[in-house]
Amino acid sequence: MPQITRRAALATTLALAAQAAKAQDRYPNRPVTIIVPWAAGGTTDILARVLAEPLRRAMGQPFVVENRSGASGNIGSNAVARARADGHTLLFGSMSTHAMNDALFNNMPFNGVDDFSPIALLAFVLNTMVIHPSVPANSVGEFIAYCKANPGKVAYASAGLGSTNHLCAAMFARMAGIDMVHVPYRGGAPAVQDTVAGQTQLFFSAGTQTLSHVRDGRLKLLAVTEGRRSTLLPEVPTVAETVPGYEMAVWYAVLGPKGMPQDLVATLNTEINKAMLLPEVKDRMAAIGVEVVNETPAAFGATLRADAEKWSRVIRELGIGMTDA
């Protein structure tokens, strides 16, 4: 049996080392953690779990969803801001965590724009204006008239101070010139439950929380809050058709820590956009009132910065008090 020469052994060792180095350079070379900064079951969590499987198939490593909720999304978001910028820790964030929280909270542990790498804008959730059936209104105009005839007697629910629900209603009240009472809850689930029960009369929220109640006749859908009618519900008017200039478009996106290499960001953007266009993903999103979008990292970065500037201004104009993060 021939003996292995020292030169052959060295060549084998070098080849194995080169293969190991190449494997280390390949992305991803281990499981990727997707941090969702909210509790399980919400829109962000659903979106992350729908995308995890096609990303695993495309990229050859598990994409593991981890919920780190608390502090209005700041705990999980901060964990990603402090992670290594190697693409193995990603954030499924939203407009509230990255375009609003900096204006809402003192002592923020991160900056929603500057401390992250924008990777991919995923989708806009269909955002709805719903009322309890006891309210004698079937349009936004009729609801405004009812509120003006009953100042301070209509209560609106929210998931808490500074939530998108709160901002939607506060902005609506200011622009429509009406007086309503804000009733904050500890999350969207109890807020929609009390609106269904008639304890509050108005709720602005994602269709993921409201449309099933609308279908069952427990809530009335008056409008959507986006700047244009939704392709999912084209017969439903926008608030802006009655209150010109009104708009709240709630987006969800993938971000990474600041300083991620641009080639890595581009790779992730390409694979995520491909996954969002898969029929099973688009169908699942449409079923829960989510409109899929595709943008480059640069375009998403511009959207992020513009929305952060817009909502900082709106929050100041509304006089919503700041609190510790």
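Right, let's walk through the structure included here.

Parameters at a glance
Residues numbered from 1 in each chain as written. Predicted model: local features only at pLDDT ≥ 70, side-chain atom pairs only at ≥ 80, totals over all residues. Heavy atoms only, no water. Pairing = 2+ DSSP bridges. Helix = DSSP H or I, 4+ residues; strand = E, 2+ residues; numbered from the N terminus. Axes fitted to C-alpha atoms, helices over the stretch in contact; angles between N-to-C directions. Contact = heavy atoms within 4.5 Å. 1 Å grid on protein atoms, 1.4 Å probe; cavity = no way out; pocket = protein on both sides within 12 Å on 5 of 7 lines; lining within 4 Å. Points joined across faces, edges and corners; volume = space filled by probe spheres on them. Nonpolar A, V, L, I, M, F, W, Y, C, P; charged D, E, K, R; others polar. Buried < 20%, exposed > 50% of the residue type's maximum accessible area, 1.4 Å probe, protein only. Salt bridge = Lys/Arg side-chain N within 4 Å of Asp/Glu carboxyl O. Parallel < 35°, antiparallel > 145°, perpendicular 65-115°, else oblique. Left-handed = near helix turned anticlockwise from the far one by under 90°.

### Overview of the sheet that holds strand β5 (residues 116–125)
Point 1. Strand order in the open sheet formed by six strands is β2-β1-β3-β11-β5-β12, and the pairing between neighbours is mixed. On the outer flanks of this sheet lie β2 (63–67) and β12 (290–292), each paired with one strand and no other. Sheet twist, expressed as the mean angle between neighbouring strand axes with direction ignored, is 30°.
Point 2. Pairing of strand β3 (residues 89–94) with strand β11 (residues 250–257), which is carried by four bridges, proceeds in the antiparallel orientation. For Gly93, the partnering residue across the bridge sits in β11 and is Ala253.
Point 3. Each of β3, β5 and β11 touches helix α4 (residues 95–104); the most contacted strand, β3, lies at about 70° to it.

### Notes on the layout of surface pockets
Any empty space left between the atoms is revealed when a probe the size of a water molecule rolls over them.
Point 1. Volume-wise, the largest pocket comes out at about 930 Å³.
Point 2. Trp38, Ala159, Asn165, Gly187 and Gly188 are, among the 36 residues lining the largest pocket, the residues nearest its centre.
Point 3. Broken down by secondary-structure element, the contributors of at least two residues to the lining of the largest pocket are α2 (43–59), α4, α6 (164–176), α7 (188–197), β9 (202–206), α8 (207–215) and β11.
Point 4. Grouping the constituent residues of the lining of the largest pocket by class yields 14 nonpolar, 21 polar and one charged.
Point 5. By volume, the second largest pocket is sized at about 260 Å³.
Point 6. Considering the residues around the second largest pocket, the lining is formed by 16 residues, among which Phe124, Glu226, Gly227, Glu247 and Ala249 are closest to the centre.

### Here we look at the pairing of strand β6 (residues 127–131)
Point 1. Most of β6 sits out of view: five of its five residues are buried.
Point 2. Taking every second residue as pointing to the same face, both faces of β6 are buried, with Asn127, Met129 and Ile131 on one and Thr128 and Val130 on the other.
Point 3. Direction of pairing for β6 relative to β9: antiparallel, over a ladder of five bridges. What sits directly across from Thr128, in β9, is Ser205.

### Section: the pattern of salt bridges
Point 1. The final tally for this structure, using the stated rule, is twelve salt bridges.
Point 2. In this structure, the salt-bridge partner of Glu317 is Arg174, at a minimum N-O distance of 3.7 Å. One end of the pair, Glu317, is in helix α11 (residues 297–318); the other, Arg174, is in helix α6, with 143 residues separating them in the sequence.
Point 3. Of the residues examined, Glu317 reaches a relative accessible area of 46% and is grouped as partly exposed.
Point 4. Overall, the relative accessible area of 43% leaves Arg174 in the partly exposed class.
Point 5. Measuring nitrogen to oxygen at the nearest pair gives 2.9 Å for the salt bridge that ties Glu241 to Arg229. Here Glu241 is found in the loop between β10 (220–224) and β11, whereas its partner Arg229 is found in the loop between β10 and β11, with twelve residues between them in sequence.
Point 6. Given the relative accessible area of 37%, Arg229 is considered partly exposed.
Point 7. Linked by salt bridges that have partners in common, Glu53, Arg56, Arg57 and Glu280 make up one network.

### A few points about the side chain of Asn101
Point 1. Residue position: Asn101 is located in helix α4.
Point 2. In this structure Asn101 comes out as buried when scored by relative accessible area, which is 3%.
Point 3. Apart from the residues within four sequence positions on either side, Asn101 is in contact with Ser72, Asn74, Ser96 and Met108.

### Points about the packing of α4 against α11
Point 1. Relative to each other, α4 and α11 sit at 40°, their axes nearing to 8 Å. With respect to each other, α4 and α11 are oriented oblique. Relative to α11, α4 is oriented so that their crossing is right-handed. Across the interface between the two elements, Met95, His98, Ala99, Met100, Ala103 and Leu104 from α4 touch Leu304, Asp307, Ala308, Trp311, Ser312 and Ile315 from α11.
Point 2. Across the contact of α4 with α11, the residue classes tally to nine nonpolar, two polar and one charged.

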